[in-house]
Amino acid sequence: MNYTYLSVSIVLLLPPLFLLFGRRKRYFSGWKLALPAALIPSILLIAASHLLRLSGFLTFDPRYITGLYLGILPLEEWLFCLLMPFTGLCIYNFLNLTFPDDRLQKFSLTVSNLLLGLCIAMLFFAYRSGNIYSIVFNVVLVLLLIYIEYFNKLRFMYRFYRAYLVYMVLIFPVYFILTGLAQIHFYFMIILLASIYLFEVFNSKTTSAK
């Protein structure tokens, strides 16, 4: 029995706990909005993990898990799926309050367009190779980016990219080793983008209601 992945999942609790109950409580004053904003992506993440596990696309190295399973997923994966969106929102809100300068927002559309081009190119190669999950990841991300950048009125993509980079630096190396999920960068981006979009929607409605 190994506690590596369980330890990683539990560590995801530390940012929320620190920001909620630490001396800098103000850094996560929006936690009531973050909870519902994280819930829907958490459910989607669990469903995606089940599908990826059933297909054999997602594997778990037995050297790093306790061996305790709930259904076909290890206990650690359940905890990770439940905590990942909320922790991502924690980091997002912390960065927004600590570094409020939003001048780089004007470059976010360029970055999104480059990312759209990359996704479309990868979608072509995924189609040629018959990689159904890579196709799904790219299609979902393309649709999210198009909607948020071209139809949605809320502007937050610079702040999203900043939080995404920080989150990937913290989580990517360990999660990739534990699961071997090749498309982890898009996997995380979709979940974090959906969480942040919902958070911004809830926040804008709360602000307009005051």
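Anything mentioned here points back to the structure above.
Residues numbered from 1 in each chain as written. Predicted model: local features only at pLDDT ≥ 70, side-chain atom pairs only at ≥ 80, totals over all residues. Heavy atoms only, no water.

Visitor: Help me out: how do you make sense of the overall build of the protein in this one?
Guide: For the protein, the count of helices and strands is 8 helices and 2 strands. Written out in order from the N terminus, the α and β elements of the protein read α-α-α-β-β-α-α-α-α-α. Pairs at least 24 apart in sequence give 79% of the contacts found in the protein among residues at least 6 apart. A total accessible area of about 11100 Å² is found for the protein, and carbon and sulfur atoms account for 72% of it. (Helix = DSSP H or I, 4+ residues; strand = E, 2+ residues; numbered from the N terminus. Contact = heavy atoms within 4.5 Å. Areas by Shrake-Rupley, 256 points an atom, 1.4 Å probe, with all protein chains shown as cover.)

Visitor: Help me understand the side chain of Asn152 in this model?
Guide: Looking at the element boundaries, Asn152 is found in the loop between helix H6 (132-150) and helix H7 (157-179). Setting aside anything within four residues of it in sequence, one finds Asn152 in contact with Tyr147 and Tyr197.

Visitor: Is there a simple way to explain the packing of aromatic side chains in this structure?
Guide: Evaluation of the coordinates by the stated rule reveals 10 aromatic pairs. Ring geometry for Phe156 and Tyr197: centres 6.5 Å apart, planes at 40°, overall tilted. With a gap of 41 residues between them, Phe156 in the loop between H6 and H7 and Tyr197 in helix H8 (residues 184-209) connect regions that are remote in the sequence. Under the relative-accessibility criterion, Phe156 is labelled buried at 1%. Here a set of aromatic residues connected by ring pairs shows up, and it is made of Phe80, Phe137, Tyr167, Tyr187 and Phe188. (Phe/Tyr/Trp six-rings, centres within 6.5 Å; stacked < 30°, edge-to-face > 60°. Buried < 20%, exposed > 50% of the residue type's maximum accessible area, 1.4 Å probe, protein only.)

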